[in-house]
Amino acid sequence: MRSTIMKLCLLLLSTVSNYVVAQTDTLNFLQNLAGTLEMYVDPLPQMPKIYGYSLRNGAPVSVNLTIGMYKKAWKFHRDLPPTPVFVYGPCPDSATFPGPTIIARHDVPLYVTWENHLPDSHILSWDPTVRTAIPKKGGVPTVVHLHGSSHPPQSDGNALAWFTAGFRETGPTWSQATYEYPNCQPPGNLWYHDHSLGLTRANLLAGLLGAYVIEKPEIDEPMNLPCDEDDLHLIIADRSFYDNGTIFMNGTGTVPSVHPQWQPEYFGEVITVNGKAWPFLTVQRRKYRFRILNACNARYLNISLSNGLMLSVIGSDASYLTAPVMVSHLLMAPAEIFDIVVDFSKSSTNETELLNTAPYPFPTGSTPGSLNGKVMKFNILRCDKQDKSKIPKKEVQYATPKALEPPIKTRYIVLYEYLTADGFSTHLYINGLRLEDPVTETPKSGTTELWHVINLTGDNHPLHIHLGMFQAIKMQELVNLQLFTDCMTTINDAVKCNVSDYAVGQTVAVPKHEMTWKNIVKIPPGHVTSIIVAFKLVDTNMSYPFDATAEPGYVYHCHILDHEDNEMVRPLKLIA
């Protein structure tokens, strides 16, 4: 018996050693290849715009759009061969990486038929031991989620509502080909992306994502923000490439005896913006508005300008702030959006780089290097027209939770990560439960709740909730963390483990530029983050104009996609 155990231990050590060597060799290869790509040689593109409404006698009215998913080749860099990708677009020729930017109008419903035209097999590797949509007849399962939107459950892009090409096969919760987006929430920045069960990380890595904007002229226009060609999207996504141009995705898992392919985070060596590797943008000495989305699978970004120019934050995720906040740098979690204004007339230089200093994994991982520490470059020219745009002194009053009634219920949400004896991750749960386990969060539609989110892992997690909007109001450090964690892993009950006795450490202030209704809240490790969650329209304090209690319900999850795919997601069922 002892001999058998020794052999097993030696085999495990050998497997771990071989994995570490293989990972190091692969990383060196990817870094060397990325290092051959010259920075700032490709101009920053802007994605084509599709309007989600039309005008009839001067008034906006609803339209029906058809947007497909296609496989095509995309040129990420001047010196890199074309890359096979999956992309959104009205037709194959116009499909782009990222997809077209959809411009919607507040309170004007939009109807979109999402069509799957993808091939019979995926262009990237995936792991069948992670709970995954696997069609019996072949094909790549997809389903679209409009991130940050208030819409009926049937249009939410439930992970089990997947479908293959031509709707040849559909998942158990699929019910309709055309999705309805009421656009009934406040104006702001959203994005759409794939949400298929177990394949979200692979499908987004392949390119299935795009920006979405809800405009409300009576709020937007009086602010006199930069507009037209001075109002730009920056969609940042990291990727690694093989020398033939194809996207690298690991083929071997961290613990291959448990998950042959799954790894806890994907980090690319190349930073792309709007589908170009380290692009440049020529600007003039005036104000520009940038709607910045961190579309990385797992990478946090801490962005700043190399010449010290300040960033005026006017919005975060799908909402404006009460007033702009000036910052020198901006920490962005995966899936998080910030709406900023940069005044290049105040630059002391003729060029500046957009830099990234966020460790990976965040917050205690490696420091970005000469490749993933740079994002893009701005070339600054003399202004050839008068800049009449402004940075407003005030924005919206509904950004504060004080505008709503007090929460009617308090919940504890606990984040767990499960490791092998040698410290390698195998899976992650919320409240010790999986997606398929019975629903435990059943908020009443039209109300607000207080969630205390307890992070017992070593990572910062970007928490995302479907349908609702939320904002952090307090972050409290846990003391005697290991003692509390031992109790929680044994009985999984924050109240019985006396969480209030441990949540007495340092209080961390919520950044002022995050004090608004958001779709992503950062949950730091070893802390309790208190969040006000609104299951109603935050600008009007009204209930939703649709039945939010219908099937198949909603979900909430970590938006590190590798975590979400491996069970860090839970169902959310609203009740009347």
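In case you missed it, the structure is sitting above this.
Residues numbered from 1 in each chain as written. Predicted model: local features only at pLDDT ≥ 70, side-chain atom pairs only at ≥ 80, totals over all residues. Heavy atoms only, no water.

Caption draft 1: The arrangement of the layout of surface pockets in detail. Within this model, the second largest pocket holds a volume of roughly 530 Å³. Taken together, 25 residues line the second largest pocket, and the ones lying closest to its centre are Glu215, Cys227, Asp231, Arg289 and Arg291. (1 Å grid on protein atoms, 1.4 Å probe; cavity = no way out; pocket = protein on both sides within 12 Å on 5 of 7 lines; lining within 4 Å. Points joined across faces, edges and corners; volume = space filled by probe spheres on them.)

Caption draft 2: Representation of the side chain of Thr113 in the model. With respect to the helices and strands, the residue Thr113 is situated in strand 7 (residues 110-116). Assessed through its relative accessible area of 17%, Thr113 is described here as buried. Reaching out from Thr113, the side chain makes a polar contact with the side chain of Thr178 at a distance of 2.6 Å. Contact partners of Thr113, with chain neighbours within four places excluded, come to Leu65, Thr66, Ile67, Ala177 and Thr178. (Helix = DSSP H or I, 4+ residues; strand = E, 2+ residues; numbered from the N terminus. Buried < 20%, exposed > 50% of the residue type's maximum accessible area, 1.4 Å probe, protein only. Polar contact = N/O pair within 3.5 Å; in protein donor to acceptor, adjacent residues only side chain to side chain. Contact = heavy atoms within 4.5 Å.)

Caption draft 3: Fine view of the sheet that holds strand 5 (residues 83-89). With mixed pairing, 4 strands are arranged side by side in an open sheet as 5-4-7-9. The strands lining the two open edges of the sheet, one partner per strand, are strand 5 and strand 9 (178-181). For this sheet the average axis-to-axis angle between neighbouring strands, irrespective of direction, equals 25 degrees. (Pairing = 2+ DSSP bridges. Axes fitted to C-alpha atoms, helices over the stretch in contact; angles between N-to-C directions.)

Caption draft 4: Here's a closer look at the sheet that holds strand 14 (residues 276-277). Taking strand neighbours across the sheet as the criterion, the 7 strands line up as 14-13-12-16-21-18-19 in an open arrangement whose pairing is mixed. Each edge of the sheet is formed by a strand with only one pairing partner; in this case those strands are strand 14 and strand 19 (319-327). Relative to strand 19, strand 18 (residues 311-316) is paired through 5 bridges, and the arrangement is antiparallel. Pairing of Ser316 across the sheet is with Ser319, part of strand 19.

Caption draft 5: Seen up close, the packing of aromatic side chains. A full pass over the atoms with the stated rule returns 24 aromatic pairs. For the ring pair Phe76 and Phe241, a centre distance of 5.1 Å and an interplane angle of 50 degrees mean the geometry is tilted. Here Phe76 is found in the loop between strand 4 (64-74) and strand 5, whereas its partner Phe241 is found in the loop between strand 12 (231-239) and strand 13 (270-273), with 165 residues between them in sequence. In this structure Phe76 comes out as buried when scored by relative accessible area, which is 0%. Residue class for Phe241 comes out buried when judged on its relative accessible area of 3%. Centre to centre, the rings of Trp114 and Tyr192 are 5.4 Å apart; their planes meet at 40 degrees, and the pair counts as tilted. Taken as a pair, Trp114 in strand 7 and Tyr192 in strand 10 (residues 188-194) lie far apart in primary sequence, 78 residues in all. The exposure classification of Trp114 matches that of Tyr192, with both residues buried. An aromatic cluster is built from Tyr288, Phe290, Phe344 and Phe378, whose rings are joined through pairwise contacts. Over the ring of Tyr360 we find Arg299, and its NZ or CZ is 4.4 Å from the ring centre. Cation over ring: Lys518 sits above Phe338, and NZ or CZ is 5.2 Å from the ring centre. (Phe/Tyr/Trp six-rings, centres within 6.5 Å; stacked < 30°, edge-to-face > 60°. Lys NZ or Arg CZ within 6 Å of the ring centre and 35° of its normal.)

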